[in-house]
Amino acid sequence: LFAANEAAILFYRQALISGGEGLAARRYAERRGLDAATLESSEIGYAPDGWEHLAGYLRGKGFTDAELLEAGLLTTGERGGVYDRFRKRLIFPIRDERGRPVGFGGRALDEAKPKYLNTPQTALFDKGGLLFLLNRAREAIRAAGEAVVVEGYLDAITAHQFGYTNVVATLG
């Protein structure tokens, strides 16, 4: 499951930087004040609009639908088929305190609901048991003797961009 999530990070990153659809996501991130270095260091990506972009990519890497469902990367449709959970969203990889990729948060770039969508509860992802960016903030929290907890992904990432590295975010 960690390997599937790591491969998904690479897919989403490539979709963000390769032009085309990713351009709107990059522009959204720029409007929110994120620079190119922050997009890269935070591994922010883009989930293309479509039902099987990620699924096809990960199947090509040898992952099964069962594994991708278990990781929360795919979801099941009403008719029983599977498709990409995240579509047309800015993607924020979520790592546990040890830096292992456990899930994703996706921000809609249009009026889609919900505005933010997380990986569902999985063997790796427990929304209530994780803090976003804790893996990157641990040492700064220890050095400062405090953690600053903010509301969302972009708040935490922006704080880190400007040198406030003892900042983490809740996942909802």
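Residues numbered from 1 in each chain as written. Predicted model: local features only at pLDDT ≥ 70, side-chain atom pairs only at ≥ 80, totals over all residues. Heavy atoms only, no water.

Colleague: Quick question: what am I supposed to make of the packing of aromatic side chains here?
Modeller: Given two aromatic rings, their pairing is described by the distance between the two centres and the angle made by the two planes. What the rule picks out here adds up to eight aromatic pairs. Between Tyr 12 and Phe 104, the ring centres sit 5.4 Å apart and the planes meet at 80°, which makes this aromatic pair edge-to-face. With Tyr 12 in helix H1 (residues 2-17) and Phe 104 in strand E5 (residues 101-108), this residue pair connects regions lying 92 residues apart in the sequence. Of the two residues examined, Tyr 12 and Phe 104, each falls in the buried class. With centroids separated by 6.3 Å and ring planes inclined at 65°, the aromatic side chains of Phe 86 and Phe 104 adopt a geometry described as edge-to-face. Taken together, the residues span a long stretch of sequence, with Phe 86 in the loop between strand E3 (82-84) and strand E4 (89-95) and Phe 104 in strand E5 at a distance of 18 residues. As far as burial versus exposure is concerned, Phe 86 and Phe 104 are alike and both buried. (Phe/Tyr/Trp six-rings, centres within 6.5 Å; stacked < 30°, edge-to-face > 60°. Helix = DSSP H or I, 4+ residues; strand = E, 2+ residues; numbered from the N terminus. Buried < 20%, exposed > 50% of the residue type's maximum accessible area, 1.4 Å probe, protein only.)

Colleague: For this particular structure, what's the right way to read the side chain of His 160?
Modeller: Structurally, His 160 is set in helix H7 (residues 153-161). Dropping the residues within four chain positions of it, His 160 is found in contact with Leu 133, Arg 136, Ala 137, Thr 165 and Val 167. (Contact = heavy atoms within 4.5 Å.)

Colleague: What is the right way to read helix H6 (residues 134-144) from this model?
Modeller: One turn of the α-helix equals 3.6 residues, which is why residues spaced by three or four share an orientation. For H6, the set of buried residues is Ala 137, Ala 140 and Ile 141. Taken down its axis, H6 places every buried residue within 110° of arc, on the same side. Of the exposed residues in H6, the ones pointing more than 90 degrees away from its buried face are Glu 139, Arg 142 and Ala 143. Elements in contact with the buried residues of H6: H7 and strand E8 (167-169). Note on H6: the residue one or two positions beyond its end, Gly 145, has a positive phi of about 75°. (Arc of directions from axis to C-beta.)

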